[in-house]
Protein chains: 2
Amino acid sequence: MNFIATIAINRKNGVADPEGNTILEALKRLSYSNVKFVKAAKLFKVGIEGDEENSVRKTLEEISQRILSNPIIENFEIISIVTIQSAGKK
Amino acid sequence: MNFIATIAINRKNGVADPEGNTILEALKRLSYSNVKFVKAAKLFKVGIEGDEENSVRKTLEEISQRILSNPIIENFEIISIVTIQSAGKK
């Protein structure tokens, strides 16, 4: 079965977010004064094959921890795992 | 009212994704051969004040188009807008 996972990589609390802060300052200059904060993060879509969702989730957690995130300053969150129907495969 | 919006900024189809491809190659080298593709994107959490969700959504669409994304190569998607209860405010 084919799955598509959506994984967010967020900065841990207290870790500086220069990208978010720069965007917030730009918004203030452009008179979007009702914007209170901006936090920048990363998003990954991962296409993965596997027999069932639990084993796929385990692999995704391993990948998120080892490859996609820096565990010192970032947390990962598996937002969704959806199954993709692929023609010609059981 | 206070809202928190989650906005994804994805590359348009056909736009090169060197970050995603580099991660995919690293995963292959590490024997995660069941991973079929990796797409890298950006995620923003925006805290915003407003009277009601429709006007807030309109502002967020404007911000996403003008500031958060590069419309030549990126699409934006407002994933969610949630209301935050704030003590002491009506």
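Residues numbered from 1 in each chain as written. Chains lettered and ligands numbered in written order. Predicted model: local features only at pLDDT ≥ 70, side-chain atom pairs only at ≥ 80, totals over all residues. Heavy atoms only, no water.

All names here are of chain A. Note that Val 82 resides in strand β3 (residues 74-84). Here Val 82 falls in the partly exposed class, since its relative accessible area comes to 42%. Separated by 80 residues in the primary sequence, Val 82 and Asn 2 place their C-alpha atoms 8.5 Å from one another. Residues contacting Val 82, with those up to four places away along its chain left out, are Asn 2, Phe 3 and Ile 4. (Helix = DSSP H or I, 4+ residues; strand = E, 2+ residues; numbered from the N terminus. Buried < 20%, exposed > 50% of the residue type's maximum accessible area, 1.4 Å probe, protein only. Contact = heavy atoms within 4.5 Å.)

What follows deals with the relation of the copies chain B and chain A. Taken as rigid bodies, chain B and chain A are interconverted by a rotation of 180° and an axial shift of 0.0 Å, the fit giving an RMSD of 0.0 Å. On the angle and the small slide along the axis, the relation comes out as a two-fold axis. Across chain B, the rotation axis passes nearest the C-alpha of B:Lys42, at a separation of 2.3 Å. (Least-squares fit on C-alpha atoms with pLDDT ≥ 70 in both.)

What follows is about helix α1 (residues 18-29) of chain B. For α1(B), spanning 12 residues, the distance from its first C-alpha to its last is 17 Å, which sits close to the expected 16 Å at 1.5 Å a residue. Buried residues belonging to α1(B) abut β2 (35-49) and α2 (53-68) of chain A together with β2 (35-49) of chain B. Phi turns positive, to about 70°, at B:Ser31, one or two residues after α1(B). (Expected span 1.5 Å × (residues − 1).)

Residues and elements named next belong to chain B. Take Glu 74: it is sitting in strand β3 (residues 74-84). For Glu 74, the side chain forms a polar contact with the main-chain nitrogen of Asn 70, separated by 2.7 Å. Ignoring anything within four residues of it in the chain, the contact list for Glu 74 reads Ile 9, Asn 10, Arg 11, Lys 12, Lys 42, Leu 68 and Ser 69. (Polar contact = N/O pair within 3.5 Å; in protein donor to acceptor, adjacent residues only side chain to side chain.)

Once that is clear, we can look at the interface of chain B and chain A. Listed as interface residues are 30 residues of chain B and, on the opposing side, 30 residues of chain A. Summed over both partners, the interface of chain B with chain A buries about 2800 Å², with 65% contributed by carbon and sulfur atoms. Our count for the contact surface shared by chain B and chain A stands at zero salt bridges. Taken together, the connections running from chain B to chain A amount to 14 residue pairs in polar contact (both at pLDDT 80 or more). For the side of chain B that touches chain A, the secondary-structure elements that each account for two or more residues are β1 (2-11), α1, β2 and α2 (53-68) of chain B. Here the side of chain B that touches chain A gets 15 residues from one element, more than from any other, and that element is β2(B). (Buried area = accessible area lost by both parts, 1.4 Å probe. Salt bridge = Lys/Arg side-chain N within 4 Å of Asp/Glu carboxyl O.)

Applying the stated criterion to the full structure yields six salt bridges over all chains. We note a salt bridge from A:Lys42 to A:Glu74, for which the minimum N-O separation is 3.7 Å. Within this pair, whereas A:Lys42 is found in strand β2, its partner A:Glu74 is found in strand β3, the two being separated by 32 residues in sequence. On the basis of relative accessibility, which here comes to 13%, the residue A:Glu74 falls in the buried class. Ionic pairing is found between B:Asp17 and B:Arg11, a salt bridge with its closest N-O pair at 3.5 Å. A residue is classified by how much of its surface remains accessible, and B:Asp17, at 11% relative accessible area, is buried.

That is the geometry; function is a separate question.
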